[in-house]
Amino acid sequence: MILPSRCIQSTKKDALYPSYDAIVIGAGVAGLVCGAFLAKTGKKVLIIEQHSIPGGYCTSFKRKGFNFDAAVHHIGGCGKWGIVGRCFKTLAIEMAFYPLDPMDHLIFPNFSIEIPADLDEYTIRLQDRFPLEKSNIKNFFQEFVKLYRATFNHEKSQIIDKYKNMTYRDMLDTFFFNDEIKMILSGQWGYIGLPPAQASAIGMCQMMINYLKDGAFFPVGGTQEFANAIFKKFIDFGGHIMLSCKAEKILSDAKNARGVKLQGGREIPAKLVVSNIDVRQTFFELLDGKLETSFLSSIEEMRESCSFSLLYLGIGKGADLRKLKRGFYHTATDASYRDAEWLYVSIPTSICPTLAPQDKQIISVVVYLMKEKYKDITNWKSFKESLIADTINRIEKYLPDIKKYIEVIEAATPKTLERYTLNTDGAAYGWEVSVDQIGDNRLPQQTPIENLYLTGHWTRPGPGICAVVSSGWGVANLIMEKWR
Ligand SMILES: Cc1cc2nc3c(=O)[nH]c(=O)nc-3n(C[C@H](O)[C@H](O)[C@H](O)COP(=O)(O)OP(=O)(O)OC[C@H]3O[C@@H](n4cnc5c(N)ncnc54)[C@H](O)[C@@H]3O)c2cc1C
């Protein structure tokens, strides 16, 4: 289902209501899902989005006929029993997906490995490779699946208590002796943005088991189609949206949100407000810090996740890209991942050929650099130029003649991500997924202001499309419970 772009537009000004039951600030995936559930009840719901298209990081852009995904490369849990699958079924959203199999590749300087889409198959392959760790591998995955299930059960559980203060590295050390297997089982840490010695064991578990049990998928037509499908359903349910429209203030007194003031001065009253945007922006800019000092200082102390740079290449006819596997290209040589950096490469046209003109292809690269390396950059233009040159050089190692096929080059830096989404410093995953910022330690969806809620990757359960779908759905449930 490819939506014509004319469908993606703001509600006409004269159709807007004088006031709303709920306003959602931000049309990221979490905001769209929350908005759709609320609009489905028949209440008056408005979404306000500063960008001209919905989706936040889940958007695409076109250059010379190539349809590039801006950030997201694949989505977990889109099968029948996964969170996205169940959410779409409940909202009657039709969307076709390609399942990814193999799920990924990990390419290290000295060896590489394919990660199959199925957990049992992955277990067998690892057991074959590490016969001395055979039973440890079985025990580890059994424990990991148990932990994953417990994260959905909101009651207290022993397994959550056991791992809630543990880093992923500590967890691996309790199961394995061999450094290489720890390296492999940590190789996808880029999906939560924190190396194993700092990443929360629960955060890694949610991400890995989500992909290995519930599958990794690519939306037919690209990631914008995923956001558009939810957007369209929201509109079908009678929801209103204002695109290219920035929320400047949340109108409130100490205990109550009363609506939203837009850039330009217009005020729109509402009975409740849901914020799908950067939490610092929500509390320090939109609310002018009008909250208890202890609450504000706890937010000041929290740490944003890493950001990324991206390279998008449109490749002309005749290039053979088979030697470039989809997955992580690490510089790490041991399981500590100390000072290690990586590239994540994907060739979306090998999954969905219609993203490019006929017989042409797309290479898309996410580049991770440690946060500290971005700190002192002042000349982003020259940073972008070297990013492009360095990344193409690294691809040439696998495809020596790639340069002669390149028709389109685009790049994005953390500054670009920040400009399009207003996430502080282009944070890819909201707050960092460390032990002190995940699970119960991540901000709850309810705030000290009774009718102001949070949704998205700055709140629970965490980052990634599947998690923010769950966040949007969860906050809508909280609100609908109240309405009932
Ligand atoms: C490079 C990159 C690659 C990624 N790859 C993947 C992947 O492959 N799979 C995956 O699952 N996850 C991936 N992620 C993470 C995932 O994209 C995010 O966790 C998720 O999209 C966050 O969704 P969200 O709804 O919380 O908010 P966002 O996507 O951040 O959306 C927030 C929205 O609010 C709007 N907004 C902000 N301020 C205002 C304001 N004042 N007024 C009005 N509107 C406002 C923004 O314009 C934006 O549209 C990736 C992230 C990055 C950066």
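What this report covers is the structure whose coordinates are included nearby. Keep in mind it's a predicted model, so treat the numbers as computed, not measured.

**Details of the overall build of the protein chain**
The helix and strand inventory of the protein chain stands at 15 helices and 19 strands. When the backbone C-alpha atoms are referred to their principal axes, the protein chain occupies close to 65 × 55 × 45 Å. The 484 residues of the protein chain split such that 49% are buried. Considering only contacts within the protein chain whose residues lie at least 6 apart along the sequence, 71% involve residues at least 24 apart.

**Some points on unusual backbone geometry**
The linkage connecting Asp101 with the following residue, Pro102, adopts the cis geometry, with an omega of 5°. The linkage connecting Arg460 with the following residue, Pro461, adopts the cis geometry, with an omega of 0°. Secondary-structure assignment places Pro461 in the loop between strand 19 (452-454) and helix 15 (465-483). Positive phi outside glycine occurs at Asp339, with the angle close to 55°. Within the secondary structure, Asp339 is located in the loop between strand 15 (327-330) and strand 16 (342-346). Its identity as a non-glycine residue notwithstanding, Asp359 has a phi of 65°, on the positive side.

**Things to note about the sheet that holds strand 9 (residues 216-219)**
Two orientations exist for strands paired in a sheet by backbone hydrogen bonds: parallel and antiparallel. Taken in spatial order, the 3 strands make up an open sheet running 5-9-6, and their pairing is antiparallel. Pairing within the sheet leaves two strands with one partner each, and these edge strands are strand 5 (75-76) and strand 6 (97-99).

**Points about the site of the ligand**
Taken together, 40 residues lie near the ligand, and Gly26, Gly28, Gly56, Tyr57 and Gly456 sit nearest. Of all the secondary structure elements, the ones that give two or more residues to the shell around the ligand are helix 1 (29-40), helix 14 (414-421) and helix 15. When its residues are assigned to classes, the shell around the ligand shows 23 nonpolar, 15 polar and 2 charged. Viewed by domain, the shell around the ligand spans two of them, domain 1 (5-58 + 221-303 + 430-483) and domain 3 (306-421), each represented by three or more residues.

**Looking at the environment of Tyr405**
Within the secondary structure, Tyr405 sits in the loop between helix 13 (380-396) and strand 18 (406-412). Residues Tyr405 and Ala319, 86 residues apart in the sequence, show an inter-C-alpha distance of 6.5 Å.

Reading the values: rules and limits
- Residues numbered from 1 in each chain as written.
- Predicted model: local features only at pLDDT ≥ 70, side-chain atom pairs only at ≥ 80, totals over all residues.
- Helix = DSSP H or I, 4+ residues; strand = E, 2+ residues; numbered from the N terminus.
- Buried ≥ 20, exposed ≤ 12 C-beta atoms within 10 Å, placed from the backbone.
- Contact = placed C-beta atoms within 7 Å.
- Pairing = 2+ DSSP bridges.
- Near = placed C-beta within 6 Å.
- Nonpolar A, V, L, I, M, F, W, Y, C, P; charged D, E, K, R; others polar.
- Domains from an automatic or database assignment.

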